[in-house]
Amino acid sequence: MEKKENDFEPKIIAFLCNWCTYAGADLAGTSRIQYPANIRIIRMMCSGSLDPTYVIKALLEGADGVLIGGCHPGDCHYLNGNLKARRRVAVMKSVFKNAGLEPERVWLRWISASEGGYFAETVREMVAHIKKLGPNPLKAEWAL
Amino acid sequence: MLLKLNSGKCKSYQDTIRNFLQELLEKKTVDAVLVPLRNPVTGNVAQALVTDERGLNEADPLAPLQMVNAAKILVELTREESGRKIAAVLRPCEARATIELIKLKQVLGDNLVMIGYDCPGAYDAKAYFEMTEKEGPGADIAGRCLKEFTNGDARSLRPACALCAKFTGESADLNLAWIGVEVPEVGLETNSEKGLKLAEGLQAGEVKENPGRTKIIAKISGQRREKEQDPGENIRALIGKCLRCYNCREVCPLCYCKECLLKPEKMGYTSERHLKRAIKKGRIKMPADTLLYHLTKMNHMAVSCVACGLCEQACPVGLPLGKIYRKMGKDIQALFGYIPGMSVNDELPFVTFKEDELPDVEDVKK
């Protein structure tokens, strides 16, 4: 059991906002901060422009986790897209819970352009959490 | 203000309501009335846009059959400003959907008067047609529906109607209050400025609140609120039966997008993509993405779901969609303390926010 947990390398899809979290990820890179390679980044203009369908699709196709990164409240380049994103994510999690999917696989974090270290830490934390959760059970399902 | 509609020559609630609608057209208070008409020969009931008051002789809004959500028709009728005034006779769920659509800028509410009514519910369309076929077009199906409603045993109604605890037109401009009122009297409740203005010119006496009506409405809505419980169904397993026919999207009043993201061609699936996915997973269900379809639809519209249950009536494989969407909608609406269809002044949850809310969404605090 212990071994299996270690063997599993989760695949995490990250939707990051162009102005804060993506720049934060960039800073982590240019600062040579190490973090697990389990993350696949998709850059968006704003976390508020993320349609839930992309998160659902990622999970149904077998991604083990989805990270949504936006600016800290008050810092949004478009004034309040991140706070609208928070409402969408709340709805997503509520739907997932009722549909028997695992809402813990979806994370929302505010990470600014100067927080390269915090970005790396978030990825490490999330990978550890998803490893504990195990692989996404939807990966093996065909009737979706 | 509660007005008493009864001209003396009326013998039933339906007569009184027809009389009231005819008066609206005769006095040119409105240019057209949207109301279900009942074909006296076949017993069929269909929505109609009526401009000639004689056409209203067949008006029968109390027939317990709902083929479409009338809000969907109002989108078509008010797409461009025509300058003409329309009165729409709406079930409570239709009035709620109309209010949501006004907020979503799909219905122009300026020249629209919503006339709601006490709704004892509707039968599933197939069951209703069976009844009219078996018992003839003259059968008093509305009377049976009312009896079942008042007995508190609405099992034979559509599940969405049997669960509904908001069955009076409180959010419409006017409400025709007839349940628990003595035949053929119908009370006219005015709920807005617009409704009040329309009622001003009518030949109607003022009456006091009817205690019989208040009692029965409180009783039934109380019973239903108590009965409300988790559907306890495995949604994923149920949706495995979905054919992806899109019927539930077509009939849903809140699915108004001109280009739906969930169309297969919009999803960008080429034959090659399907095959690649099948190779990756070993096997995939076809038509594909039924769960993606439903979960996305829920994310998009459940916040405004008025629980009319038309999705369930339209489902060819009999999925309990009404119950599922009702539960999803309730939980989502509770997040924001939002009740859809109550007032055009309540902001839609997705266009607004509070700075300090939903602390559980950001999974781990810094």
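Residues numbered from 1 in each chain as written. Chains lettered and ligands numbered in written order. Predicted model: local features only at pLDDT ≥ 70, side-chain atom pairs only at ≥ 80, totals over all residues. Heavy atoms only, no water.

Caption draft 1: The arrangement of the state of the cysteines in detail. In the structure shown here, the tally under the stated rule is one disulfide over all chains. Note that A:Cys20 is cross-linked by a disulfide to A:Cys71, the S-S spacing being 2.5 Å. In this structure the cystine formed by A:Cys20 and A:Cys71 twists about its S-S bond by roughly 100°; its chirality is therefore right-handed. Taken together, the positions of A:Cys20 in the loop between β1 (12-17) and α2 (21-30) and A:Cys71 in the loop between β3 (65-70) and α4 (81-98) put the pair 51 residues apart, joining distant regions of the chain. Here A:Cys71 falls in the buried class, since its relative accessible area comes to 3%. Cysteine B:Cys257 is unpaired, with the sulfur of B:Cys260 as its nearest cysteine sulfur at 6.5 Å. Overall, B:Cys257 belongs to the exposed group, its relative accessible area being 53%. (Disulfide = S-S within 2.5 Å. Helix = DSSP H or I, 4+ residues; strand = E, 2+ residues; numbered from the N terminus. Buried < 20%, exposed > 50% of the residue type's maximum accessible area, 1.4 Å probe, protein only.)

Caption draft 2: Structural context of the packing of helix α12 (residues 290-301) of chain B against helix α14 (residues 321-336) of chain B. Residue and element names in this part refer to chain B. Axis separation between α12 and α14 bottoms out at 10 Å; the angle between their running directions is 45°. What the angle tells us is that α12 and α14 run oblique. Pair α12 / α14 crosses with right-handed handedness. The segment α12 lies against α14, with His 294, Lys 297, Met 298 and Met 301 engaging Leu 321, Ile 324, Tyr 325, Met 328 and Ile 332. For the contact of α12 with α14, the class distribution of residues is seven nonpolar, one polar and one charged. (Axes fitted to C-alpha atoms, helices over the stretch in contact; angles between N-to-C directions. Parallel < 35°, antiparallel > 145°, perpendicular 65-115°, else oblique. Left-handed = near helix turned anticlockwise from the far one by under 90°. Contact = heavy atoms within 4.5 Å. Nonpolar A, V, L, I, M, F, W, Y, C, P; charged D, E, K, R; others polar.)

These results come straight from atomic positions and should not be treated as a statement about function.
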